[in-house]
Amino acid sequence: MFIDIQKTKKILFLGGEPFLNDVDLRILPLIDQPEKVNLKYTTNGSIYPSQSHIDQWNRFESVLINFSLDGIGSRFDYIRYPLKWQQVEKNILRMLNELPSNVQFTSNHTVNILNLYYHDEFENWYAQLPSLRFIKFTFNPCSGTLSPRQVPRKLFNMLLDKYGEDSKVIRTITND
């Protein structure tokens, strides 16, 4: 099957970690009218984009960088081992301050039974970021054995006491 890349309006580069390879840097120069194309990257924030990325992005209509984060601080370190929150946060803040104006940001907070109790810490961290560059925050429940729906009764009661029955944390568990 042949795809005419010149008719493409949006290109997604998803994780793992898209800044670990040069797949995008081999594709982007092939686009004749980059000013009509939107790019989206999903990253864990562990790698700051190269200057080659930034040079390419300047040619495009818009670039959206979506950070997939499971928490902050030591909780991030544990869940995303061997990554370190200190480096990821440094990269995120640097991107917010240094990347061109056509680059915007979103964040997915993937919640699971390991971090659900600490969701408020993530929201507080997120609320302190420069809002002009962040266009969306998504509360994203994971599935499988770490799903919030797998929360033991004791933890559920602790979450209920902390967040209240009308919170999105509790609604995620009860699927209301």
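Here's what I pulled together on the structure shown here.

Conventions we followed
Residues numbered from 1 in each chain as written. Predicted model: local features only at pLDDT ≥ 70, side-chain atom pairs only at ≥ 80, totals over all residues. Heavy atoms only, no water. Buried < 20%, exposed > 50% of the residue type's maximum accessible area, 1.4 Å probe, protein only. Helix = DSSP H or I, 4+ residues; strand = E, 2+ residues; numbered from the N terminus. Pairing = 2+ DSSP bridges. Phe/Tyr/Trp six-rings, centres within 6.5 Å; stacked < 30°, edge-to-face > 60°. Lys NZ or Arg CZ within 6 Å of the ring centre and 35° of its normal.

**Considerations on the pairing of strand 4 (residues 103-111)**
Argument step 1. In terms of burial, strand 4 is largely enclosed, as 8 of its 9 residues are buried.
Argument step 2. Note that strand 3 (residues 62-69) and strand 4 share 7 bridges and pair parallel. The residue bridging L69 from the neighbouring strand is H109, located in strand 4.
Argument step 3. Here strand 4 pairs with strand 5 (residues 134-141) via 7 bridges, running parallel. For H109, the partnering residue across the bridge sits in strand 5 and is F139.

**What to know about the packing of aromatic side chains**
Argument step 1. Scanning the entire structure with this criterion turns up 11 aromatic pairs.
Argument step 2. When the centroid spacing of 5.7 Å and the interplanar angle of 45 degrees are considered together, the rings of F122 and W125 count as tilted. Taken together, the residues F122 and W125, both in helix 5 (residues 119-127) and 3 residues apart, mark about one turn of the helix. Both residues of the pair, F122 and W125, count as buried.
Argument step 3. Among the aromatic residues, those joined into a cluster by ring pairs are F76, W85, F122, W125, Y126 and F137.
Argument step 4. Over the face of the ring belonging to Y118 we find R75, whose NZ or CZ atom lies 3.6 Å from the ring centre.

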